[in-house]
Amino acid sequence: MPRSRILFTVPADAGRISDVLGEAGATVDDREGMDHDEIAAHLASVPGETVEAIVEDDDPLTPIHDVAGLLDGTGCAYFGVVDAFQERSRGMRVLGRLLLDPDGSGNRIEKPIPWEHGEPDLDARTLEAAGMERAEAKRVDEVFRARLDARPRTATPRP
């Protein structure tokens, strides 16, 4: 099943973000099976910190696109990737996507990721596949890798 991932800084008011993630059945910070209220409580407990959300769905683009839209204008940085997938109802191939605001400035970068790239990840390789220059891709990767490494983790490792 296609999936999407987004690493983002939690804004002071994350209520609408928890609505989107709860409806999508997202895994947040490696915590699977959280309902809407649990996601809302978790996000409310970590304002200003960086969290990761993963959505596995037939349409993985919509929830992550919606979360990025809610983050735009909040001053919160995000880095999201969406797998390429085939829309079942029309059989249409949908390219993977990169959604990025590396510094929370509100200047979203949204680019397709070619099918040939394979499964996108939150890394410099994916940024380069989406057309970012190597030096900039490495810089963004280092910033978000530090945020990913610093975020709270559960005791159960991700598969």
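Structure report, in brief. (Residues numbered from 1 in each chain as written. Predicted model: local features only at pLDDT ≥ 70, side-chain atom pairs only at ≥ 80, totals over all residues. Heavy atoms only, no water.)

Moving on: the packing of aromatic side chains. For the structure shown, the criterion picks out one aromatic pair. An angle of 70° between the planes, with centres 5.4 Å apart, marks the rings of Phe79 and Phe144 as edge-to-face. On the criterion of sequence distance, the pair formed by Phe79 in strand S4 (residues 78-82) and Phe144 in helix H5 (residues 134-150) is long-range, its members being 65 residues apart. Residue classification places Phe144 among the buried positions, given a relative accessible area of 3%. (Phe/Tyr/Trp six-rings, centres within 6.5 Å; stacked < 30°, edge-to-face > 60°. Helix = DSSP H or I, 4+ residues; strand = E, 2+ residues; numbered from the N terminus. Buried < 20%, exposed > 50% of the residue type's maximum accessible area, 1.4 Å probe, protein only.)

The sheet built from six strands is open, its strands ordered S2-S3-S1-S4-S7-S8 with antiparallel pairing. Each having just a single partner strand, strand S2 (27-28) and strand S8 (109-113) make up the two edges of the open sheet. Packing against the sheet, helix H3 (residues 61-71) makes contact with strand S1 (3-9), strand S3 (50-56), S4, strand S7 (96-101) and S8, and its axis sits at approximately 15° to S1. (Pairing = 2+ DSSP bridges. Contact = heavy atoms within 4.5 Å. Axes fitted to C-alpha atoms, helices over the stretch in contact; angles between N-to-C directions.)

Turning to helix H2 (residues 36-45), a few remarks are in order. The α-helix advances 3.6 residues per turn, and as a result positions three or four apart in sequence lie on the same side. Turning to H2, its buried residues number three or more, namely Ile39, His42 and Leu43. Mapping the buried residues of H2 onto a view down its axis gives an arc of 95°, with all of them on the same face. When the buried face of H2 is taken as reference, the exposed residues oriented beyond 90 degrees from it are Asp37 and Ala44. Where the residues of H2 are buried, they touch S1, helix H1 (15-24), S2 and S3. Structurally, the start of H2 carries an N-cap: the backbone nitrogen of Asp37 is 3.1 Å from a side-chain oxygen of Asp35. (Arc of directions from axis to C-beta. Polar contact = N/O pair within 3.5 Å; in protein donor to acceptor, adjacent residues only side chain to side chain.)

Its location among the elements puts Thr50 in strand S3. For Thr50, a relative accessible area of 11% puts it in the buried group. C-alpha of Thr50 to C-alpha of Ala150: the two residues are 100 residues apart in sequence and 8.1 Å apart in space.

Across the seven residues of S3, six count as buried, placing the element largely inside the fold. With seven bridges joining them, S1 and S3 adopt antiparallel strand pairing. The residue of S3 that forms the bridge with Leu7 is Glu52. The pairing of S2 with S3 spans two bridges and is antiparallel. Considered in S3, the bridge of Val28 is made with Ala53.

A separate point is the environment of Val10. Residue position: Val10 is located in the loop between S1 and H1. It is 35 Å that separates the C-alpha atoms of Val10 and Arg90, two residues lying 80 residues apart in sequence. Dropping the residues within four chain positions of it, Val10 is found in contact with Leu43, Val46, Pro47, Gly48, Glu49, Val51 and Cys76.

Counting residues in each nonpolar core, the largest one holds 25 residues, and the members touching the most others are Ile6, Phe8, Leu21, Val28, Leu43 and Leu71. Among the secondary structure elements, those contributing two or more residues to this core are S1, H1, H2, S3, H3 and S4. Discounting chain neighbours no more than four positions away, the residues touching Phe8 are Ile17, Leu21, Leu43, Glu49, Thr50, Val51, Ala53, Leu71, Ala77 and Tyr78. With 16 residues, the next largest nonpolar core counts Leu7, Phe79, Ala130 and Met132 among its residues. (Core = buried A, V, L, I, M, F, W, Y, C linked by side-chain atoms within 4.5 Å.)

Note that all results are geometric; they support no functional claim without further evidence.
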